[in-house]
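A structural walkthrough
Letter by letter, the chains look like this.
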Amino acid sequence: MGIKDRRSNIRYGKYSKVIVLPATLVTGKESTLAANRLLLVDPRAEISEDDLLEFFETVVEPQFWFWLQRKRSQAGDKAVDAKPSP
């Protein structure tokens with residue numbers, strides 16, 4: 001299964017930021033990534049940047065925002081029905 005974690009964004013140089021990958025993650029010498037609001041990383045660089053970006057833009061981004069909107073609306077419905085706790 002996957003790994004989930006919260007990591008600090010570390011300033012690196014004048015224009016970059018670094019996220020340290022968990023030690024349990026298998027990595028290669030380089031990583032490839034595609035990003036906008038979300039970040040999709042291949043830590044072994046087995047997927048080209050172009051293919052990763054295409055997958056990110058056509059599958060990940062559209063599906064994620066649909067999923068998040070649905071989840072927020074469901075949470076809003078539950079909040080309306082919730083009874084206040086004493």
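Before any of the text, the structure's been laid out above.
This section reports on the structure supplied with the text. Computed from a predicted structure; not experimentally measured. (Residues numbered from 1 in each chain as written. Predicted model: local features only at pLDDT ≥ 70, side-chain atom pairs only at ≥ 80, totals over all residues. Heavy atoms only, no water.)

1. Digging into the pattern of salt bridges
- For the coordinates displayed, the defined rule picks out 1 salt bridge.
- In this structure, Arg7 engages Asp5 in a salt bridge whose closest nitrogen and oxygen atoms are separated by 2.7 Å. (Salt bridge = Lys/Arg side-chain N within 4 Å of Asp/Glu carboxyl O.)

2. Brief notes about the pairing of strand E4 (residues 39–42)
- The pairing of strand E3 (residues 32–35) with E4 spans 4 bridges and is antiparallel. Bridge pairing in E4 links Leu33 to Val41. (Pairing = 2+ DSSP bridges. Helix = DSSP H or I, 4+ residues; strand = E, 2+ residues; numbered from the N terminus.)

3. Observations regarding the side chain of Thr32
- By the element assignment, Thr32 lies in strand E3.
- The exposure class assigned to Thr32 is buried, which follows from its relative accessible area of 5%.
- At 2.8 Å, the side chain of Thr32 forms a polar contact with the backbone oxygen of Ile47.
- With residues near it in sequence (within four places) discarded, Thr32 still touches Leu40, Val41, Asp42, Ala45, Ile47, Glu49 and Leu52. (Buried < 20%, exposed > 50% of the residue type's maximum accessible area, 1.4 Å probe, protein only. Polar contact = N/O pair within 3.5 Å; in protein donor to acceptor, adjacent residues only side chain to side chain. Contact = heavy atoms within 4.5 Å.)

4. What about unusual backbone geometry?
- One non-glycine residue, Ala45, adopts positive backbone phi at about 60 degrees.
- Along the polypeptide, Ala45 turns up in the loop between E4 and helix H1 (49–81).

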